[in-house]
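Here's the letter readout for the chains.
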Amino acid sequence: MKVLVSWLREYVDIPFKVDELEERLSMLGLGVEGIERIGSDDAVFDLEIAANRGDLMSHLGVARELAAATRSTVRLPSGDVARDRQTVSEFVHVEVREPDLCPRFTATMLVDVRVGSSPEWLTRRLEACDVRSINNIVDVTNYVMLEMGQPMHAFDFDRVRGGRLVVRPARSKEVLTTLDGVQRTLDPQTLVVADAEQAAGIAGIIGAAPSEITASTRRVLLEAAVWHPPMIRRTSKRLGVRTESSARFERGVDQASVPSASARAVALMQQVGGGRALDGLIDVQARRVPQKQIALNWSTVPRVLGTDVSLNEGVATLRSLGFQAEASDGTVRVVVPSYRRDVEREEDLVEDIARHHGYERIPEEMPVEVTAQGSWAPSIDAERAVRDVLIRTGLTEVLTVPLTNGAALEMLRLPDKHPYRDAVPIRNPMVEDHVLLRTTLLPGLLHVARSNASHRLTDIQVFEIGRTFHPNRAGAREQRSLGVLMTGATLRGAWNLPPESVRVTYYTLKGVLESLLAELRVPEAEFRSAQASWLHPGRAASLTLGGHAIGTLGELHPDLSRALDLPAITCIAEVDLEALLEHAVLQPRFVPPPRYPSMRRDISFVVDAGVPVAEVEAAIRRAGRPLLESVELFDIYTAAPVPEGRRNLAYALSFRSPDRTLTAEEIVETMGAITRALEKGLGAKIRD
Amino acid sequence: MITVHDIDRLGAEAEQAIRAAGDPKALEEVRRLYLGRKGKLPELFRQVPSLAPVERARVGDQLNQIRSRLEGAIETRAAELSETTSTTALAAEAIDVTLPGRRRLLGREHVLTRTLQEVERIFHGMGFEIVEGPEIETEEFNFERLNIPRDHPARDAQDSFYITDEVLLRTQTTAVDARVMIGRTPPMRILTTGRCYRRDAPDWKRMPVFHQVDGFMVGEHITLANLKGVLVSFARQLFGPETKTKFVPGYFPFTEPSAELYVYFNNQWMELGGSGMFHPRVLEYAGIDPQRYTAFAFGLGIDRQVMVRYGIPDIRMLWDNDLRVLEQF
């Protein structure tokens, strides 16, 4: 909201220069968003007014704060006017059909007015506040709005049919051309001010063309009313119309000062446009606003602020803000002025006292409560553990926007019924790209890879930990998810190394997940061959825990990497972190290092290439119990002399007992069992 | 007959030979010649028994001394020789030490995560319990329990993405405050960090998703002065011990009095967030008696702060995930 400093001076003495005024206003909570200087000692301030301070939406309101800051009082504008013998009620009839939405409606009239242009002092002030000058009558309504915060509307009385103003809901499909030139079709949700026949303006928001003041207007009907703030807010949002008037009514306008604002306007209209003011004011008010009284226990002030403010200072502040305040026995009995709609309880008064005392004078003190120990929620700890492991494996964290659209999913070429397609729509999206909540992290990661690849960055190893969203009966369920994308080299300075040894493959990605599983001490996780529409059909797996798939991983389908301009071998995984963390053990538990030596034996055998290594390992482990400690594959060989369709696997096996040194006989026995299991169970042929 | 003089001469001769030996092989030859089983010194030892009893002890003694002296000299010489040998051999194994090292790619946190964790650590150090809450919220927790009823103008500044009539993406992490207060008994010091959503089209300074930190403290003697103490300490830990701060009156429906926190950074005042004393109604909604307890609360925006701190000109760069940017933090 714009205020002109020289205009403020009409109501209060301002002993500050412009710079100091800026500082003062902002320390009072009137944020200064901009200053436009005029000459050496005048300026227009653009102030940010809090949503609960309708009373500050005027020069008078701002002057009141400055008066309190300088311990003075404001000079109120005059509304004295000579009234005619004729009374308004002889001409005008007002009917308020919705008293809840229109707590007060007043009307008064001026006759024999000469409509013309405004004097220079008036237009200058309006223009300084970004209000365009229309004519002297309309300008006065705007002037009083800027001065006292009361928006008004002036009608050409001779175009108000039946001499009636009716506050009523619009009729269904009622058409109205508002002053912004827009023809609007209304509905009963919208409150209008109508004449005997049809709507003449949208209540509290904008007037209409047919009854506007024109050069030929002689009789002015002046409406000054107060409207229900939520109604104004809803209507203005629904119609997409925000005006100076709606901005004030939605914050709340003082119901008690409507007549004085009306009188002020009449006085000014007469000053600039002549004419006679009819006697009386039509004033429809369902009920008066009760006077608010608050007993402020002075001990509340230090209890809230943590510092003492003297009672005298507090009372003086409240009084210069317009409160009545009487202190006795440590309690201040306060009567709240009608324009302070925001003040309801002690704390509200404490804030006014604190603002004028100065926030900078409140000390900085560390609390002396019961000593508390910092802690982290287990879910935060767990998420951090996951993040740390991934970073230690060399991955960089990315964050992507959880708002998405259907096109992002199309990237994955999902079948019709895929669960990723079951996304939660946003009811009121803002842009086309953000109409759904993501169900998977994969499209985001692919997008990251794609944009980096477009900068010729092809060594991309990234992960994201984020939430995905899925419909449920309450609306949406959120789930923590982990996504990993890897492509390119994992080593810099790889001169003379065979490129394939440093380039990401499926096994690099699997290794990352294995490290994660090991660090989280998740038992019994298995990787099984699987299919996913976005993955290479022969290089895709699911990660399963206790038989349930909790993730997929694999090499991106070559068609996809080609379509997205990604490096040929791009690997990608997504894991349900919620499910994974259920099985994680984050607290390390000490296991003493073994006291007895281990013995190593190698075994090499030929087996059908179709037998997965996981199965071979499982067979070895079963047969090797209880002495077999570890199984490590160190070679796979498929060329001659190994027959077609078979492969040679070589394992290093290590044996150990926790309570003795093993004998050669014991190992021979166990090796025998392993050999038999491989031969009988898997048709392996052992090589010497 | 051996004489003391003979022994000395032999000793001197052997020592010279040891020094003269040019390689381990020559040295071994010298050792064999003097100390070997058929060497010159054992030869003399063998003659000892034939000496007069008076002479025997003296000569034996002297021979022993010479022997240990020679053994020492051989050892020393052997060490010298082996050193010179390996120096030459290792010279052939030299590499170009200026070739590029094999560098594993190092992973790192996103700068937003890093900042959130920095903030969490600071408050953790001040005894705060760090919690988290859902991103999908109800109007009740996101607004109503925070003293923002339907049609409150403050809702305008927090235009929300709705899922159903009552369910929305949270617009502020303050919603978590309202959640965690329920059923707890003061004192409490609680902090939460996370993502929030507001209905904005992405541009250089706004994204529809952003990060916030919210914290509060409830107790019998919590004051606005405590709020200042805690937040000033936080700002100094994050921005440095000389950091200038200021508190300016503000308006938030859930606090009364309310204050905005600014820090002076890079020659300008930067708004860190909002704060104040919890409105008594917010405590009442959570079942906490405002007559007995007071509480301060604060909410800090993180994304804007990261931009200012690191001089990132466009907020979208935080979401582009350009590795050339991510790798700088």
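Residues numbered from 1 in each chain as written. Chains lettered and ligands numbered in written order. Predicted model: local features only at pLDDT ≥ 70, side-chain atom pairs only at ≥ 80, totals over all residues.

## A closer look at the overall build of chain B
Stage number 1. What chain B contains, in helices and strands, is 12 helices and 10 strands.
Stage number 2. What you see for chain B is a C-alpha radius of gyration of 42 Å, clearly larger than the 20 Å of a compact globule of 329 residues, by over 25%.
Stage number 3. Dimensions of chain B, computed from C-alpha atoms along their principal axes, come out at roughly 125 × 50 × 40 Å.
Stage number 4. Among the 329 residues that make up chain B, the fraction classed as buried is 42%.
Stage number 5. Sequence separation of at least 24 residues holds for 64% of the intrachain contacts in chain B that already meet a minimum separation of 6. (Helix = DSSP H or I, 4+ residues; strand = E, 2+ residues; numbered from the N terminus. Rg over C-alpha atoms; globule rule 2.2 N^0.38 Å. Buried ≥ 20, exposed ≤ 12 C-beta atoms within 10 Å, placed from the backbone. Contact = placed C-beta atoms within 7 Å.)

## Side note on the pairing of strand 33 (residues 646–655) of chain A
Within a regular beta strand, the side chains point alternately toward one face of the sheet and then the other, so they alternate between its two faces.
All names here are of chain A.
Stage number 1. Here strand 31 (residues 599–608) pairs with strand 33 via 10 bridges, running antiparallel. Along strand 33, the bridge assignment pairs Val607 with Arg647.
Stage number 2. Of the pairings in the sheet, the one linking strand 32 (residues 628–637) to strand 33 comprises eight bridges and is antiparallel in character. Across the sheet, Ile636 pairs through a bridge with Leu649, a residue of strand 33. (Pairing = 2+ DSSP bridges.)

## Digging into the domain arrangement of chain A
Stage number 1. Split into domains, chain A comes out as domain 1 (2–69), domain 2 (83–285), domain 3 (292–360), domain 4 (378–582) and domain 5 (599–687).
Stage number 2. In this structure, domain 4 of chain A and domain 5 of chain A have C-alpha centres spaced 34 Å apart. (Domains from an automatic or database assignment.)

## Observations concerning the sheet that holds strand 34 (residues 685–687) of chain A
All names here are of chain A.
Stage number 1. Spatially, the four strands line up as an open sheet ordered 32-33-31-34, and their pairing is antiparallel. The sheet terminates laterally at strand 32 and strand 34, the two strands that pair on one side only. Across this sheet, the average inter-strand angle for adjacent strands is 30 degrees, counted without regard to direction.
Stage number 2. Judged from the three bridges that link them, strand 31 and strand 34 form a sheet pairing that is antiparallel. The residue bridging Phe605 from the neighbouring strand is Ile686, located in strand 34.
Stage number 3. This element, helix 19 (residues 613–624), spans strand 31, strand 32 and strand 33 of the sheet and lies at about 145 degrees to strand 32.
Stage number 4. Relative to the sheet, helix 20 (residues 664–682) contacts strand 31, strand 32, strand 33 and strand 34, its axis offset from that of strand 31 by approximately 10 degrees. (Axes fitted to C-alpha atoms, helices over the stretch in contact; angles between N-to-C directions.)

## Observations concerning the sheet that holds strand 21 (residues 396–397) of chain A
Residues and elements named next belong to chain A.
Stage number 1. On the basis of which strands lie adjacent, the open sheet formed by seven strands has the order 21-24-25-30-29-28-27 and mixed pairing. In the strand order of this sheet, the two ends are held by strand 21 and strand 27 (525–529), each with one partner.
Stage number 2. Looking at chain direction, strand 27 and strand 28 (residues 535–545) are connected through five bridges and run antiparallel. Counterpart to Ala525 in the pairing with strand 28 is Leu545.

## Some details on the interface of chain A and chain B
Stage number 1. Listed as interface residues are 85 residues of chain A and, on the opposing side, 73 residues of chain B.
Stage number 2. Along the lines of polarity and charge, the residues of the side of chain A that touches chain B split into 40 nonpolar, 23 polar and 22 charged.
Stage number 3. Alignment of strand 20 (residues 375–376) of chain A against strand 2 (residues 129–131) of chain B, held across two bridges, turns out to be parallel. Bridge pairing links Trp376 of chain A to Ile130 of chain B in strand 2 of chain B. (Nonpolar A, V, L, I, M, F, W, Y, C, P; charged D, E, K, R; others polar.)

## A word on helix 8 (residues 224–239) of chain B
Stage number 1. With 16 residues, helix 8 of chain B ought to run about 22 Å at 1.5 Å a step, and its terminal C-alpha atoms sit 22 Å apart, in line with that.
Stage number 2. A positive backbone phi angle near 115 degrees is found at Gly240 of chain B, which sits one or two residues after helix 8 of chain B. (Expected span 1.5 Å × (residues − 1).)

## Re the pairing of strand 2 (residues 31–38) of chain A
Stage number 1. Across the eight residues that make up strand 2 of chain A, only a small minority, zero, are buried.
Stage number 2. Count of turn residues in the strand 2 of chain A/strand 3 (residues 42–48) of chain A antiparallel hairpin: three residues, of which Gly39 of chain A carries a positive phi of about 60 degrees.

## Thoughts on helix 11 (residues 346–357) of chain A
Residue and element names in this part refer to chain A.
Stage number 1. Here helix 11 is 12 residues long and its end C-alpha atoms lie 16 Å apart, about the 16 Å a rise of 1.5 Å per residue gives.
Stage number 2. The buried count for helix 11 comes to 12 of 12 residues, which makes it a mostly enclosed element.
Stage number 3. Turning to helix 11, its buried residues are Glu346, Glu347, Asp348, Leu349, Val350, Glu351, Asp352, Ile353, Ala354, Arg355, His356 and His357.
Stage number 4. Just beyond helix 11, the residue with positive phi is Gly358, at close to 110 degrees.

## With respect to the nonpolar core
Side chains of a nonpolar character, in soluble globular proteins, are inclined to be buried together.
Stage number 1. Of all hydrophobic cores here, the largest spans 237 residues; its most connected members are Val220 and Leu222 of chain A together with Phe296 of chain B.
Stage number 2. Leave out the neighbours within four places in its chain, and Leu222 of chain A touches Ala107, Thr108, Met109, Leu110, Met152, Ala154, Ser262, Ala265 and Val266 of chain A.
Stage number 3. Residues Phe605, Leu653, Ile674 and Leu678 of chain A belong to the second largest nonpolar core, which totals 12 residues. (Core = buried A, V, L, I, M, F, W, Y, C linked by C-beta atoms within 7 Å.)

## As for the packing of helix 6 (residues 229–239) of chain A against helix 7 (residues 244–251) of chain A
For any two helices packed against each other, the geometry is given by the interaxial angle and the distance between the axes.
Residues and elements named next belong to chain A.
Stage number 1. Helix 7 packs onto helix 6 with a crossing angle of 140 degrees between their chain directions and a minimal axis gap of 7 Å. The orientation of helix 6 with respect to helix 7, classified from their angle, is oblique. Helix-helix and strand crossings are classified by hand; for helix 6 and helix 7 the assignment is left-handed. For the pair formed by helix 6 and helix 7, the contact residues are Pro229, Ile232, Arg233 and Ser236 on the first element and Ser246, Phe249, Glu250 and Arg251 on the second.
Stage number 2. Taken together, the residues of the contact of helix 6 with helix 7 sort by class into three nonpolar, two polar and three charged. (Parallel < 35°, antiparallel > 145°, perpendicular 65-115°, else oblique. Left-handed = near helix turned anticlockwise from the far one by under 90°.)

## As for the confidence of the model for chain B
Caution is warranted with low-pLDDT regions, since their predicted coordinates should not be read in detail.
Stage number 1. Scored by pLDDT, chain B has a mean of 91; 99% of the residues are at 70 or more.
Stage number 2. For this predicted complex, the interface confidence comes out at an ipTM of 0.88, alongside a pTM of 0.85. (pLDDT = per-residue confidence, 0-100.)

## Considering the environment of Ile14 of chain A
All names here are of chain A.
Stage number 1. Relative to the helices and strands, Ile14 resides in the loop between helix 1 (5–8) and helix 2 (18–27).
Stage number 2. The class for Ile14 is buried, based on 21 C-beta atoms found within 10 Å.
Stage number 3. C-alpha of Ile14 to C-alpha of Leu66: the two residues are 52 residues apart in sequence and 7.4 Å apart in space.
Stage number 4. Setting aside its immediate chain neighbours within four residues, Ile14 contacts Val5, Leu8, Arg9, Leu21 and Leu66.

## Considerations on unusual backbone geometry
Backbone geometry follows two general trends: most residues other than glycine have a negative phi, and most peptide bonds adopt the trans configuration.
Stage number 1. Between Pro186 of chain B and the following residue, Pro187 of chain B, the backbone shows a cis peptide bond with an omega angle of 5 degrees.
Stage number 2. Within the fold, Pro187 of chain B resides in the loop between helix 7 (174–181) and strand 5 (188–197).
Stage number 3. Residue Glu256 of chain B is joined to Pro257 of chain B through a cis peptide bond whose omega torsion reads -5 degrees.
Stage number 4. Position of Pro257 of chain B among the secondary structure elements: in strand 8 (residues 255–265).
Stage number 5. In the Ramachandran plot, Arg413 of chain A falls in the positive-phi region, its phi being about 50 degrees despite a non-glycine side chain.

## Structural notes on the environment of Arg198 of chain B
Stage number 1. Locating Arg198 of chain B in the fold gives a position in the loop between strand 5 and strand 6 (209–219).
Stage number 2. In contact with Arg198 of chain B, not counting residues within four places along its chain, are Gln158, Asp159, Ser160, Thr171 and Pro208 of chain B.

## Details of the packing of helix 5 (residues 136–148) of chain A against helix 8 (residues 258–273) of chain A
Residues and elements named next belong to chain A.
Stage number 1. Look at helix 5 against helix 8: their axes get within 9 Å of each other, and the N-to-C directions meet at 140 degrees. The angle between helix 5 and helix 8 places the two elements in the oblique class. Taken as a pair, helix 5 and helix 8 cross one another with a handedness that is right-handed. Taking contact as the criterion, the partners of Asn136, Ile137, Val140, Thr141, Tyr143, Val144 and Met148 in helix 5 are, on helix 8, Ala261, Arg264, Ala265, Leu268, Met269, Val272 and Gly273.
Stage number 2. When grouped by side-chain class, the residues that make up the contact of helix 5 with helix 8 number 10 nonpolar, three polar and one charged.

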